[in-house]
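Below are the chains, spelled out letter by letter.
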Amino acid sequence: MREERYDVVVVGAGPGGSTAAKVAAEHGLDVLLIEKNQEIGVPVRCAEGVSKRVENFVSLPRECIATEAAGARIFSPDGTCVELSEKTARGKLAEVGYVLERKLFDKYLARLAADSGVEVRVKTQAISILKDGSSVKGIVVRDVSDDAKIFADVVIAADGVESKIGRMAGLETRIKPADLEVCAQFYMTGIDVEEDFSEFYLGNKIAPGGYAWVFPKGERSANVGVGIEASRSRDGARALDYLKAFVRRKFPEGRVLSHVYGAVPVSGPIKSVADGIILVGDAARQTDPLTGGGILNAMEAGKIAGEVVAEAFERKDFSESSLREYEERCKELNERLTRMYRARLLVSKFSDKELNRLARSLEGVRFEELNARELLRELIKRNPRLLMSLAKLFP
């Protein structure tokens, strides 16, 4: 078995992994980024929506953007619509988000990492870790030629839900079904959608414990998907079954060009460091538990991880106590995710009647900010008895 040596090895070339690798390399470290699939960004297991805060991390080339969104519309079970949109000083709708081309976006982020000096390898799977006592000292990989030992002072695991690398290192990455959303999505064409707005549909008959979505991608096409709580999935009532039923009602004439399936952690953050290892993105449960969005959180955490690792090299200390600075700098993010997790626990228990009542309470409201936090604050204000337990979380 061949042996290689790097300062840092990053497992998983999604937004979090590529960002972490790039930042670490920009600080002068020798970084290897591996991806188990033969092509970065493929298959796409994402609805592809993101706010324009993405530009705080990277300048997006035009080809990575399918459409620009002015807002979102949320539909309760009885069809009541709550619109979240922002207007410019001239009264026109502002463009506040993007629907990405994830397969191009992920490749772009990996290319930025490569341009910063990162070595990128595809079709390379991490199959085990290397340890010295309690410390992670690298990974064993399997690629197209053979197996290899990759020694590194720090491993950054951005390997998705229930991170295998994290679990091998002794971190608890298993997730219970109640804290997991299982999702099915069609890319559809020949459908009539308003390209300025993403749409979300709530209801226990539509998506128990989750929601259905429509993200326009231009030219009468869209990502149409459903996510449901894994604990509610059963024969004949799986995410795909709910998606097919939703499409039959909403887009009976539409044509399906592709379909994907995946899972999204909605548990809130977990312990994400140990000796010689840091978890990033879905591996660290950094997905918003209420909305399921995780791209920007992963990039934010990836940037922090790259910086913390660089500082650990200056100290020559890769222990858990040294790397715990990562969790300290992610504290604000983690607190936000914890609040959203508690909100999800409440909202997921609402009956359709209660969801309708909440939606009707917001009719005519104009939001100053287009985000879930602002929406929850307004709901609490108008429904204090029903949402009393949330009031302390969103003052």
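To start, this report covers the structure provided alongside it. (Residues numbered from 1 in each chain as written. Predicted model: local features only at pLDDT ≥ 70, side-chain atom pairs only at ≥ 80, totals over all residues. Heavy atoms only, no water.)

Counting secondary structure elements, the chain contains 10 helices and 20 strands. Its C-alpha atoms give the chain a radius of gyration of 21 Å, within 12% of the compact-globule value 21 Å for 395 residues. The dimensions of the chain, computed from C-alpha atoms along their principal axes, are 60 × 50 × 45 Å. Residue burial in the chain is summarised as follows: out of 395 residues, 55% are buried. In the chain, of all internal contacts separated by at least 6 residues, the share reaching a separation of at least 24 is 70%. For the chain, the exposed surface amounts to about 17900 Å²; the carbon and sulfur share of it is 47%. (Helix = DSSP H or I, 4+ residues; strand = E, 2+ residues; numbered from the N terminus. Rg over C-alpha atoms; globule rule 2.2 N^0.38 Å. Buried < 20%, exposed > 50% of the residue type's maximum accessible area, 1.4 Å probe, protein only. Contact = heavy atoms within 4.5 Å. Areas by Shrake-Rupley, 256 points an atom, 1.4 Å probe, with all protein chains shown as cover.)

Moving on: the sheet that holds strand E5 (residues 65-69). Strand order in this open sheet of 3 strands is E4-E8-E5, and the pairing throughout is antiparallel. What marks the edges here is a single partner per strand, and that holds for strand E4 (49-51) and E5. The sheet shows a mean angle of 30° between the axes of neighbouring strands, direction not considered. Where E4 lies against strand E8 (residues 97-100), 3 bridges are found, and the strand directions are antiparallel. When the sheet's bridge partners are listed, Gly49 is paired in E8 with Val99. (Pairing = 2+ DSSP bridges. Axes fitted to C-alpha atoms, helices over the stretch in contact; angles between N-to-C directions.)

Let us now look at the packing of helix H1 (residues 15-26) against helix H5 (residues 295-315). Between H1 and H5, whose axes approach to 7 Å, the crossing angle comes to 25°. Taken as axis vectors, H1 and H5 run roughly parallel relative to one another. The two elements H1 and H5 meet at a crossing, and its hand is right-handed. Contact with H1, carried on its side by Pro15, Gly16, Thr19, Ala20, Val23 and Ala24, involves Ile295, Ala298, Met299, Gly302, Lys303, Ala305, Gly306 and Glu307 of H5 and no other residues of that element. Split into classes, the residues belonging to the contact of H1 with H5 amount to 8 nonpolar, 4 polar and 2 charged. (Parallel < 35°, antiparallel > 145°, perpendicular 65-115°, else oblique. Left-handed = near helix turned anticlockwise from the far one by under 90°. Nonpolar A, V, L, I, M, F, W, Y, C, P; charged D, E, K, R; others polar.)

This part takes up H1. Taking 1.5 Å as the rise per residue, H1 with 12 residues should run 16 Å; its terminal C-alpha atoms sit 16 Å apart, in good agreement. Judged by how many residues are buried, H1 sits mostly within the fold: 10 of 12 residues are covered. Residues Pro15, Gly16, Gly17, Ser18, Thr19, Ala20, Ala21, Val23, Ala24 and Ala25 constitute the buried set of H1. At its buried positions, H1 is contacted by strand E2 (8-11), strand E3 (31-34), helix H2 (102-115), strand E13 (154-157) and H5. Gly28 sits one or two positions beyond H1 and adopts a positive phi of about 90°. (Expected span 1.5 Å × (residues − 1).)

With that out of the way, let us pick up the sheet that holds E3. The 6 strands are arranged E9-E3-E2-E13-E20-E19 in an open sheet whose pairing can be described as mixed. Edge positions in the sheet fall to strand E9 (119-121) and strand E19 (273-274), since each has one partner strand and no second. Two elements, E3 and E9, share 3 bridges in a ladder whose sense is parallel. Along E9, the bridge assignment pairs Leu32 with Glu119. Packed on one face of the sheet, H1 meets E2, E3 and E13 and runs near 170° to E3.

So yeah, pure geometry; function would need other evidence.
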